[in-house]
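# Chain and residue survey
For reference, the chains in residue letters:
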Amino acid sequence: MARILLLLAFYFLAATANEYEGEGEGGGKGRGGEMFLLQDSKQVLKTKAGEMRVMRGFGGRGVVNPMHIGFISMEPKSLFIPQYIDSDLILFIRRGEAKIGWIYKDELVEKKLKIGDVYRIPAGYTFYMVNIAKGQRLQIVCSIDTSESLGLGAFQSFFIGGGSHPKSVLAGFDPRTLKSAFNVSSSELDEILTRQQKGPIIYITGADEPSKWASIMQLKQKERLEQVKSMEDEDEEESTWTWRKLLKSVVGKEKNMKGGKRTVQLPDSYNIYDRKPNYKNNYGWSIAVDENDYYPLSHSGIGVYLVNLTAGSMMAPHVNPTAIEYGIVLSGSGSIQVVFPNGTSAMNAEVKEGDVFWVPRYFPFCQIASRTGPMEFFGFTTSARKNRPQFLAGESSVLQSMSGPELATAFGVSEERFRHFVEAQRESVILPSAPKKKMTTEEPVAPLIRSFGSLI
Ligand SMILES: *[C@@H]1O[C@H](CO)[C@@H](O)[C@H](O)[C@H]1NC(C)=O
Ligand SMILES: *[C@@H]1O[C@H](CO)[C@@H](O)[C@H](O)[C@H]1NC(C)=O
Ligand SMILES: *[C@@H]1O[C@H](CO)[C@@H](O)[C@H](O)[C@H]1NC(C)=O
């Protein structure tokens with residue numbers, strides 16, 4: 001208990017120190033908050049079959065549980081064992097193909113996901129993931145929304161499957177309780193709770209294992225159990241998935257209790273590459289997915305976006321009035337500029353594939369693709385509602401809409417001069433390259449977190 005309190009106290013301190021005001025400006029390295037939360041990525045697990053890294057995110061003022069960005073990489077024929085975590089996940093399939101199995105409305109449902117798919121797994125729901133692409137690594141970028149989390153560390157996994165490593169949460173119960181709960185002998189129990197020792201991401205044995213499972217999932221429940229049973233019998237290898245038996249028990253129990261069959265409407269995924277851009281011109285396109293496009297996002301309060309800028313183009317300077325934005329450079333390179341409320345530069349950083357940036361709500365910013373090629377970036381916003389960015393330049397910008405004597409006076413010029421100035425840019429949202437101009441020297445890299453190159 002004392003330890004938990006201590007942890008909480010520490011977390012609170014860390015969160016407080018991350019607030020914008022009142023931090024010491026440490027010169028070269030930027031804001032003080034960086035020392036607490038702006039660490040490089042943390043590898044939260046690594047096994048022979050895969051790894052997961054987490055970039056700690058930020059909250060604004062008073063946000064104790066910020067959003068983090070997770071990177072999962074799984075080798076072919078591997079399994080992320082069943083677990084639930086204390087955070088909502090929005091998965092984005094960056095490369096490869098996945099099958100996600102999870103318990104939805106008391107049923108095990110399985111969903112195949114392909115490149116570009118967005119899928120939500122709610123906090124507290126048990127799920128597993130399998131890499132089902134032949135010979136291809138599975139790469140997933142996910143948001144980890146900790147607003148419902150315990151607040152201990154980035155997030156907390158509770159493994160259902162497991163053995164000596166990782167430990168199944170079941171192992172924490174008194175063995176006698178488990179024996180009667182599962183109606184099994186001590187030796188059966190021991191076997192189940194000690195065999196797995198290869199970590200949370202493991203290779204699955206047998207080339208056809210996933211498809212076996214897929215076909216089983218399509219059978220009626222009773223047949224399914226029979227089938228699982230026979231699979232069990234024929235599979236006597238050392239490396240049998242120990243959790244499978246467990247799952248069988250759990251699923252079996254449930255069936256007994258519930259009786260009858262039901263059809264469960266499986267929550268769908270949403271493919272971000274399959275749709276038309278919200279905005280498109282000669283200089284690039286952008287897609288924003290909100291709760292109106294993909295309903296599960298409304299539960300998470302998170303939006304998803306994807307932008308592709310042609311070489312040298314920029315996303316016009318803009319502001320997110322309702323959301324913090326997180327971005328991951330998927331390909332190409334460029335720069336991100338973020339501005340303080342007092343009109344000084346908060347960041348002007350070059351970014352490349354794999355870099356992660358974030359932009360606080362209200363802070364004006366822009367993204368610019370390098371002249372050497374297009375830049376594609378993907379990310380999350382902390383609002384599932386339509387995020388209406390307010391543009392500060394270009395047609396449809398606040399400045400053009402408000403153009404008139406008031407604004408002209410505010411800039412201290414004649415209305416005519418002002419109109420001339422704001423109307424010079426005919427394009428909107430995504431703007432062409434400016435005439436060649438050297439980039440200003442790099443500012444301290446405050447909200448930028450680096451070094452994901454190898455994972456994306
Ligand atoms: C426990 O298992 C035994 C046989 O293995 C069975 O006869 C009994 O009905 C089971 N009890 C429950 C509560 O499922
Ligand atoms: C982004 O745009 C470039 C052209 O500017 C194109 O070659 C590339 O395929 C686009 N990326 C995606 C994901 O559509
Ligand atoms: C502008 O605001 C930032 C952050 O609050 C601060 O670090 C910087 O010193 C300010 N600059 C000026 C010129 O006031």
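Residues numbered from 1 in each chain as written. Chains lettered and ligands numbered in written order. Predicted model: local features only at pLDDT ≥ 70, side-chain atom pairs only at ≥ 80, totals over all residues. Heavy atoms only, no water.

The protein chain is annotated in an unreviewed UniProt entry as Cupin type-1 domain-containing protein of Tetracentron sinense.

## A few points about the nonpolar core
Among the nonpolar cores identified, the biggest contains 63 residues, and Phe-378 and Phe-380 are the most heavily contacted of them. Viewed by domain, this core spans two of them, domain 1 (37-161 + 196-219) and domain 2 (273-431), each represented by three or more residues. Grouped together as the second largest cluster of nonpolar side chains are 27 residues, Met-315, Phe-357, Phe-365 and Phe-391 included. (Core = buried A, V, L, I, M, F, W, Y, C linked by side-chain atoms within 4.5 Å. Buried < 20%, exposed > 50% of the residue type's maximum accessible area, 1.4 Å probe, protein only. Domains from an automatic or database assignment.)

## A closer look at the sheet that holds strand β1 (residues 42-47)
An order of β1-β2-β3-β10-β5-β8-β13 is seen for the 7 strands of this open sheet, with the pairing classed as antiparallel. The sheet is open, and its two borders are formed by β1 and β13 (270-271), each paired with just one other strand. Pairing geometry for strand β8 (residues 117-121) and β13, over 2 bridges, is antiparallel. Note that in β13 the partner of Val-118 across the bridge is Tyr-270. (Pairing = 2+ DSSP bridges. Helix = DSSP H or I, 4+ residues; strand = E, 2+ residues; numbered from the N terminus.)

## Quick notes on the site of ligand 3
Taken together, Phe-340, Asn-342 and Thr-344 form the complete shell of residues around ligand 3. Interatomic distance of 2.4 Å between a side-chain N/O atom of Asn-342 and an oxygen atom of ligand 3. The fraction of the free accessible surface of ligand 3 (360 Å²) that becomes covered by protein chains is 39%. (Near = heavy atom within 4 Å. Polar contact = N/O pair within 3.5 Å; in protein donor to acceptor, adjacent residues only side chain to side chain. Areas by Shrake-Rupley, 256 points an atom, 1.4 Å probe, with all protein chains shown as cover.)

## Here's the deal with the packing of helix α2 (residues 175-182) against helix α3 (residues 186-194)
Where α2 contacts α3, the axes come no closer than 10 Å and their chain directions differ by 100°. By the angle class used here, α2 and α3 are roughly perpendicular. Within the contact between the two elements, α2 uses Pro-175, Leu-178 and Lys-179 and α3 uses Ser-186, Leu-189 and Leu-193. A class-by-class count of the residues in the contact of α2 with α3 yields 4 nonpolar, 1 polar and 1 charged. (Axes fitted to C-alpha atoms, helices over the stretch in contact; angles between N-to-C directions. Parallel < 35°, antiparallel > 145°, perpendicular 65-115°, else oblique. Contact = heavy atoms within 4.5 Å. Nonpolar A, V, L, I, M, F, W, Y, C, P; charged D, E, K, R; others polar.)

## A word on the side chain of Ser-370
Along the chain, Ser-370 falls in the loop between β22 (365-369) and β23 (375-381). One polar contact links Ser-370 to Thr-372, side chain to side chain, over a distance of 2.8 Å.

## Observations regarding unusual backbone geometry
Leaving glycine out, the prevailing phi sign among residues is negative, and the prevailing peptide bond configuration is trans. Cis geometry marks the peptide bond from His-165 to Pro-166; its omega dihedral reads -10°. Locating Pro-166 in the fold gives a position in the loop between β11 (157-159) and α2. Phi angles above zero are rare outside glycine, and Asn-183 is one such case at about 55°. Here Asn-183 lies in the loop between α2 and α3.

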